[in-house]
Amino acid sequence: MKTLRQVKVGETVTVAKLHGEGAVKRRIMDMGITKGVTLHVRKVAPLGDPIELTVRGYELSIRKADAEMIEVTNN
């Protein structure tokens, strides 16, 4: 299982599954990160938190803890 946190800068991946419960999972989905969507990792902050992504044509920053809940596959 590969999570979004393990993806390197410049890589593009597809969301395979969302882990997590209730409000946390709902917040991730509200940001546009759903199963089957393509994510491009643009930048990672020096200490690894946050991670900047391109999702559905817009930029989004998420925390490491949230990235750990997003299972991805390579394109």
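It should be emphasised that the depicted structure is a prediction, and the values quoted were computed from it without experimental measurement. (Residues numbered from 1 in each chain as written. Predicted model: local features only at pLDDT ≥ 70, side-chain atom pairs only at ≥ 80, totals over all residues. Heavy atoms only, no water.)

A.B. asks: Would you mind going over the pairing of strand 6 (residues 70–74) with me for this structure?
C.D. replies: Regular strands place their side chains on alternate faces of the sheet. Inspection of the sheet shows strand 1 (residues 2–3) paired to strand 6 by two bridges, in the antiparallel sense. Residue pairing for strand 6: Lys2 is matched across the bridge by Val72. (Pairing = 2+ DSSP bridges. Helix = DSSP H or I, 4+ residues; strand = E, 2+ residues; numbered from the N terminus.)

A.B. asks: Explain the pattern of salt bridges here, please?
C.D. replies: Where side chains of opposite charge bring their charged atoms close, a pairing between them can arise. On inspection of all chains with the given rule, the structure shows seven salt bridges. For the salt bridge of Arg26 with Asp30, the shortest nitrogen-to-oxygen distance reads 3.2 Å. Placement of the pair is Arg26 and Asp30 together in helix 1 (residues 22–30), with a separation of four residues, close to one helical turn. On the accessibility criterion, Arg26 (48% relative accessible area) is partly exposed. Among the salt bridges present, the one from Arg42 reaches Glu52, with a minimum N-O distance of 2.9 Å. Of this pair, Arg42 sits in strand 3 (residues 38–44) while Glu52 sits in strand 4 (residues 51–55), and the two are 10 residues apart along the sequence. Through salt bridges with shared partners, a single network forms among Arg27, Arg63 and Asp66. (Salt bridge = Lys/Arg side-chain N within 4 Å of Asp/Glu carboxyl O. Buried < 20%, exposed > 50% of the residue type's maximum accessible area, 1.4 Å probe, protein only.)

Interpretation in functional terms is not warranted from these geometric data alone.
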